[in-house]
Amino acid sequence: MWHRDSDRFRLFTRRALMLGAGKGVLLTGLAARMYYLQVLESDRYQTLADENRISHRLLPPPRGLVTDRFGAPLAVNRQNYHIMIVREQTPDVRRTLEILDQIIELGPDTIERVERDVARRRSFVPVTVRDNLTWDEVARVGVNAPDLPGLIIDAGRSRDYPEGPHLAHTLGYVAAVSEKELTGDPLLELPGFTIGKSGVEKVYDLALRGTAGTSQVEVNALGRVIRELEREEGESGNTVVMTLDLELQRFANQRLSAQQSASAVVMDIHSGEVLALSSHPTYDPNAFTNGISHKLWNSLVNNPYAPLSNKAVNGTYAPGSTFKMCVALAGLESGIITPGQKFYCGGHLDLGNARFHCWKRGGHGWMNLHDSIKHSCDVYYYEISQKIGIDRIAAMAHKLGLGEETGIDLPNERSGLIPTKDWKEIQLGKRWQGGETLIASIGQGYVLATPLQLCTMTARLASGKAVRPHLTRDKVTPDGVTSRESEEFPELQVSRANLARIREAMNGVTNELRGTGYRARISAKGMEMAGKSGTSQVRRITMRERQTTGVLDNDELPWKYRDHALFVAFAPVDNPRYACSVVVEHGGGGSSVAGPIARDLLQKAQDLQSARQGISAANMPNSAKLRRTPAQSNQEEG
């Protein structure tokens, strides 16, 4: 019996030892694991815990400003008040919105949209009810706050264009980021973030955006913000200084406003700085910033005068007689014609079975180069174009900036068209015909140009250099701003004597009796302009019309069938500084409609320059005045 109890005791003791050893191993492993987690890996798990507790959020940076050449604000950021609702803080969302609708106008569509947004989001996430509240609306909501539980008024920034329609086509506008514009940049995914959609806002969008700031906030398990721990504000985008002269731009818009559809460009022929670029009709870019309505959008899209189109850069027109300087210069440079060589204009020229008419039915008689530009004789250009050919004309047109994009810092610029024999063969699969050269020589047929190209052509004729237009005073990139001061344009590689002959002929157009632009001349001494009118047909005049009813006047035709009116000019004649082009769609005669507009723009540009130079000189010390040279006086901008 005792042996049996002894054996049982030894068995129990072994089991206890084994069980104790097992527990000891487990406790040792647990202690080792706890030491590893709490001591060796403590930093790692502390970081993970913080990351679960702390949320890092991006802060949108202030968008860079845009100013005119003298610092006048063109695009700024204004304080914007918007109202939001938090579902968990109001017992009845719809009732709260209905009360708000009696204080500030919401409308049923807004109420339904907010209810949908509230239902899709967590109860503590604010939902925007309305943007761009006026200060009066903010005050009314604040006074009635006790009756509006769950509503929050928040202040932010929105883009504002103080000049509104005056600069819509050059500045463009900003709007919310669309799904197709998402690039992976987290900044683009921020609620309410806007980017440039057109104009300078689009071209320099990356430079204007700036660098995002960051905010560290403490959140609970549901993601609700408890408190902000740290904030680092973003860095504002670059300021873009445009070449535009706001006062001249306003004047250009006002001058074009009497027309149904028109455009104009004024530029400095030495620097390529565009001082005014106007397209009429226009629109208010603030409408897009604040969220454009469907009604307003449809009215802009369906407007027959295309207010959304920047006609100065995107519109292409047959240049008409403004193209004749190019043909004349091609003839002189080829050596095939001379300035004094004459051709007879009897009112038409026959080529094969076709008859090509001059605008003057009875003809101009004998014409040399100077008189052909002064009187805009078509037959003279029919004659010389046959001798020099379309390819030489095209080569000179390209040299003067036609038929290719100017490279201006605006989106969607069109290149126009300068035809050649090869172009027609490749594009249309047909051989070039001799009659097409005659038509091209007076800027009709396949020839197309933008108003900006015509202004560039005029600047190159006046300066003798391959001037390229631009809209910013400095080169702007996402990495910063660099000066254009050292930028030099190359020579045109055209005889200066021949350029002088062309300029003298353009002077005859406006400043000699019986010149086609004489009535549109600038009479102020020292400010005279040299120019060239153009009238571009948009319909074909048939032989039957000529022989029966006669060619109808523009006033007898519907607006869309009337000729385009064009005029190009530079001033002052003796020391060229400014170039200008004007296109009035279906305006009729170039000299009678577009010419006076070009005259007024060039007169205004010179008046502004004189006024600013006078103010600048008056503010200079007497010793500095004595040191000023004539060259400095000509270059001074004010």
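In case you missed it, the structure is sitting above this.
The sections below set out a description of the structure shown in this document. Everything numeric here is computed off the predicted structure, so don't read it as measured data. (Residues numbered from 1 in each chain as written. Predicted model: local features only at pLDDT ≥ 70, side-chain atom pairs only at ≥ 80, totals over all residues. Heavy atoms only, no water.)

Below, the discussion takes up the overall build of the protein. Counting its regular elements, the protein contains 23 helices and 21 strands. Split into buried and exposed, the 638 residues of the protein put 47% on the buried side. Expressed as a percentage of contacts within the protein between residues at least 6 apart in sequence, the contacts between residues at least 24 apart total 72%. (Helix = DSSP H or I, 4+ residues; strand = E, 2+ residues; numbered from the N terminus. Buried < 20%, exposed > 50% of the residue type's maximum accessible area, 1.4 Å probe, protein only. Contact = heavy atoms within 4.5 Å.)

Moving on, we get to the sheet that holds strand β19 (residues 530-536). Spatially, five strands are ordered β12-β11-β21-β20-β19 in an open sheet, and the strand pairing comes out antiparallel. The open sheet is flanked by β12 (274-280) and β19, the only strands paired with a single partner. For this sheet, the mean inter-axis angle between neighbouring strands, taken without regard to orientation, is 5°. The pairing of strand β20 (residues 564-571) with strand β21 (residues 578-584) spans seven bridges and is antiparallel. Residue leucine 566 lies in a different strand from β21, and its bridge partner there is valine 583. (Pairing = 2+ DSSP bridges. Axes fitted to C-alpha atoms, helices over the stretch in contact; angles between N-to-C directions.)

With that settled, consider the packing of aromatic side chains. Going through the model one piece at a time under the given rule, you end up with 11 aromatic pairs. Centre to centre, the rings of phenylalanine 288 and tryptophan 297 are 6.2 Å apart; their planes meet at 90°, and the pair counts as edge-to-face. For tryptophan 297, a relative accessible area of 37% gives the class partly exposed. Between tyrosine 380 and tyrosine 381, the aromatic rings sit 5.0 Å apart at their centres with planes inclined by 70°, giving edge-to-face as the arrangement. Overall, tyrosine 380 belongs to the buried group, its relative accessible area being 1%. Through a chain of ring-to-ring contacts, the aromatic side chains of Tyr173, Tyr283, Phe288 and Trp297 assemble into a single cluster. Here the guanidinium or amino end of arginine 521 rests over the ring plane of tyrosine 518, the centre of that ring lying 3.9 Å away. (Phe/Tyr/Trp six-rings, centres within 6.5 Å; stacked < 30°, edge-to-face > 60°. Lys NZ or Arg CZ within 6 Å of the ring centre and 35° of its normal.)

An ideal rise of 1.5 Å per residue puts 22 Å on 16 residues; helix α19 (residues 496-511) measures up with 22 Å between its terminal C-alpha atoms. Asn498, Leu499, Ile502, Ala505, Met506, Asn507, Gly508, Val509 and Thr510 are the residues of α19 that are buried. Where α19 is buried, its residues meet α13 (324-334), α14 (369-375), α18 (451-463), β19 and β20. Where α19 begins, the side chain of serine 495 points an oxygen toward the backbone nitrogen of alanine 497, at a separation of 3.3 Å. (Expected span 1.5 Å × (residues − 1). Polar contact = N/O pair within 3.5 Å; in protein donor to acceptor, adjacent residues only side chain to side chain.)

Turning to unusual backbone geometry, a few remarks are in order. Glycine aside, residues mostly have negative phi angles, and peptide bonds mostly take the trans form. Here histidine 280 and proline 281 are connected by a cis peptide whose omega angle stands at 0°. Along the chain, proline 281 turns up in the loop between β12 and α10 (286-289). Here the amide bond leading from alanine 571 into proline 572 is cis, since omega sits at -15°, within 30 degrees of zero. Within the secondary structure layout, proline 572 lies in the loop between β20 and β21. Even without being a glycine, asparagine 412 presents a positive backbone phi close to 65°. By the element assignment, asparagine 412 lies in the loop between α15 (378-399) and α16 (421-428). According to the relative accessible area criterion, asparagine 412 is exposed, its value standing at 60%. Positive phi is not limited to glycine here, since histidine 586 has a value of about 55°.

It is worth spelling out the nonpolar core at this point. Counting 94 residues, the largest nonpolar core has Met242, Phe323, Ile373, Tyr380, Leu461 and Ile502 as its most contacted members. Ranked by residues supplied to this core, first place goes to α15 with 11 residues. Setting aside chain neighbours within four positions, we find tyrosine 380 in contact with Ile337, Gln341, Phe343, Met367, Asn368, Leu369 and Ser372. Core analysis: the second largest hydrophobic core is formed by 28 residues, Leu248, Ala276, Cys580 and Leu602 among them. (Core = buried A, V, L, I, M, F, W, Y, C linked by side-chain atoms within 4.5 Å.)

Looking at the secondary structure, you find arginine 94 in helix α3 (residues 93-103). Take arginine 94: its relative accessible area is 35%, and that puts it in the partly exposed class. In this structure the C-alpha to C-alpha distance between arginine 94 and glutamate 112, which are 18 residues apart in sequence, comes to 8.9 Å. Not counting the four nearest positions on each side in its chain, arginine 94 is found in contact with Ile111 and Glu115.

Right, let's get into the pairing of strand β15 (residues 354-357). Of the strand pairs in this sheet, strand β14 (residues 348-351) and β15 are connected by four bridges, and their pairing is antiparallel. Paired with leucine 349 across the bridge in β15 is phenylalanine 356. Connecting the antiparallel pair β14 and β15 is a turn made up of two residues, with glycine 352 showing a positive phi of about 65°.

Turning our attention to the side chain of serine 279. Position of serine 279 among the secondary structure elements: in strand β12. A relative accessible area of 4% places serine 279 in the buried class. Here the side chain of serine 279 touches lysine 311 through a polar contact of 3.0 Å, landing on its backbone nitrogen. Dropping the residues within four chain positions of it, serine 279 is found in contact with His169, Ala262, Ser263, Ser309, Asn310, Lys311 and Ala312.

Between α3 and helix α4 (residues 108-120), the shortest axis-to-axis distance is 11 Å and the interhelical angle comes to 150°. For the element pair α3 / α4, the angle class is roughly antiparallel. The hand of the α3/α4 crossing is right-handed. Every residue of α4 that contacts α3 at Val93, Arg94, Leu97 and Asp101 is listed here: Ile111, Val114, Glu115 and Val118. (Parallel < 35°, antiparallel > 145°, perpendicular 65-115°, else oblique. Left-handed = near helix turned anticlockwise from the far one by under 90°.)

To continue, consider the state of the cysteines. Under the counting rule described, the total for this entry stands at zero disulfides. In this structure cysteine 358 is not part of a disulfide, and its nearest cysteine sulfur, from cysteine 345, lies 3.9 Å away. (Disulfide = S-S within 2.5 Å.)

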